[in-house]
Amino acid sequence: TSPAGTTTPSRPASAPAARTPAAPVNSADVAFTAGMLRLEGQSAAMAALVAGHTGTAQLRQFAARLREHDSDTRHMRDLMGDWRQPAPAPYAPGATLPGGMGPGMMGVHDWDEMSREHGEGFNDHWLDAMIASHAAEITLCRDELRSGASPQARALARAMLAQRQAELSQLRRWHHDHEHIGEHD
């Protein structure tokens, strides 16, 4: 046997022991996960409005695809539990969040206004809000990749960053196209 503090030839010093401690986690990981959960909750609530407020096929399809984010949301809630951190309360449309709204979050007035709109007015408002939400999610992902310690949160941020960037590009194209309809008539 090897004396305490030395490695045996069969396992280098950098190899993990049979039982590894919990993965590291820091405040950046918690901030990323909590922020993403709030924004994802808002996106889900916004997606639920689409069917009753617009006939635009692009927005309806995009809203339906947002359900793909549900597995990320479950994973983030599980991470918060693993870290023994409280997950944010489920999103309540138009509710003011404790400690302020935060980037990408709609205020009570915005939510009330959008929930009463239909057609083109709704489309404009919805696209503006979804663009702001996605931009805030991208910022959170980048912050996590820069400062986070949790390998699981960093992997999630990396995957979410690529997906949210692609979605944001699509939203901006639709918004641009929508703003310029009729300009050339």
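See the structure printed just above.
Throughout this description, residue numbers start from 1 for each chain and increase along the sequence as written. In view of the model being predicted, local features appear only for residues whose pLDDT reaches at least 70, and side-chain atom pairs are presented and counted only at 80 or more, with totals across whole chains, interfaces and linings using the full set of residues. In computing side-chain values, all of the structure's heavy atoms are included and hydrogens and water are not.

### Points about the overall build of the protein
Then step 1. To qualify as a helix, a DSSP run of H or I must reach at least 4 residues; to qualify as a strand, a run of E must reach at least 2; elements of each kind are numbered from the N terminus. Across its full length, the protein carries six helices and zero strands.
Then step 2. Along the protein, helices (α) and strands (β) appear in the sequence α-α-α-α-α-α when read from the amino end.
Then step 3. Taken across its 185 residues, the protein has 38% of its residues classed as buried.
Then step 4. Here the analysis covers contacts within the protein between residues at least 6 apart in sequence; of these, 75% occur between residues at least 24 apart.
Then step 5. Each accessible area is a Shrake-Rupley result for a 1.4 Å probe, and residues are judged covered by the shown protein chains and nothing else. For the protein, the accessible surface area stands at approximately 10400 Å², while carbon and sulfur atoms represent 54% of it. Burial status follows relative accessibility: with a 1.4 Å probe on protein chains alone, a residue under 20% of its type maximum counts as buried, one over 50% as exposed, and anything between as partly exposed. Contacts are assigned to residue pairs with any non-hydrogen atoms lying within 4.5 Å of each other.

### Topic: the side chain of T54
Then step 1. Within the element layout of this structure, T54 appears in the loop between α1 (27–53) and α2 (57–65).
Then step 2. Take T54: its relative accessible area is 5%, and that puts it in the buried class.
Then step 3. Beyond its immediate sequence surroundings of up to four residues, T54 is in contact with L59, R60, G119, F122 and N123.

### Regarding the nonpolar core
Then step 1. Side-chain atoms within 4.5 Å link the members of a nonpolar core, which is a set of buried Ala, Val, Leu, Ile, Met, Phe, Trp, Tyr and Cys residues. Formed by 42 residues in total, the largest nonpolar core has its most connected members in F32, M46, W111, M114, W126 and L171.
Then step 2. Listed by contribution, the elements that provide at least two residues to this core are α1, α2, α3 (70–82), α4 (108–116), α5 (119–147) and α6 (151–179).
Then step 3. Element by element, the count of residues in this core is highest for α1, at 11 residues.
Then step 4. Beyond its immediate chain neighbours, meaning those up to four positions away, F32 contacts L140, C141, E144, A153, A157 and M160.

### Here we look at the layout of surface pockets
Where empty space is left in the structure can be found by rolling a water-sized probe over the atoms.
Then step 1. In this analysis a 1.4 Å probe is tested at points of a 1 Å grid over the protein atoms alone, and where it fits but cannot get out there is a cavity; an open set with protein on both sides within 12 Å along at least five of seven lines is a pocket; lining residues have an atom within 4 Å of a point. Grid points are joined across faces, edges and corners, and a volume is the space filled by probe spheres set on the points. By volume, the largest pocket amounts to about 310 Å³.
Then step 2. Counting residues per element, the ones that place at least two in the lining of the largest pocket are α1, α2 and α3.
Then step 3. Broken down by element, the lining of the largest pocket gets its largest block of residues, eight residues, from α1.
Then step 4. Its residues placed into classes, the lining of the largest pocket shows eight nonpolar, four polar and five charged. Ten residue types, Ala, Val, Leu, Ile, Met, Phe, Trp, Tyr, Cys and Pro, are classed as nonpolar, four, Asp, Glu, Lys and Arg, as charged, and the remainder, Gly among them, as polar.

### Describing the packing of aromatic side chains
Then step 1. Put simply, two rings from Phe, Tyr or Trp (the six-membered ring, in Trp's case) pair if the centres are within 6.5 Å, and we call them stacked under 30 degrees between planes, edge-to-face over 60, tilted for the rest. Tallied over the entire structure, the rule returns three aromatic pairs.
Then step 2. Taken together, a centroid distance of 5.7 Å and an interplanar angle of 85° make the contact between F62 and W174 edge-to-face. With a gap of 112 residues between them, F62 in helix α2 and W174 in helix α6 connect regions that are remote in the sequence.
Then step 3. Judged by relative accessible area, W174 falls into the buried class, the value being 11%.
Then step 4. Measuring from ring centre to ring centre gives 6.1 Å for Y91 and W111, while their planes differ by 70°; the resulting arrangement is edge-to-face. Note that Y91 is positioned in the loop between α3 and α4 and W111 in helix α4, a separation of 20 residues in sequence. With respect to class, Y91 is no different from W111; both count as buried.
Then step 5. Clustering of aromatic rings is evident, with ring pairs tying together F62, W126 and W174.

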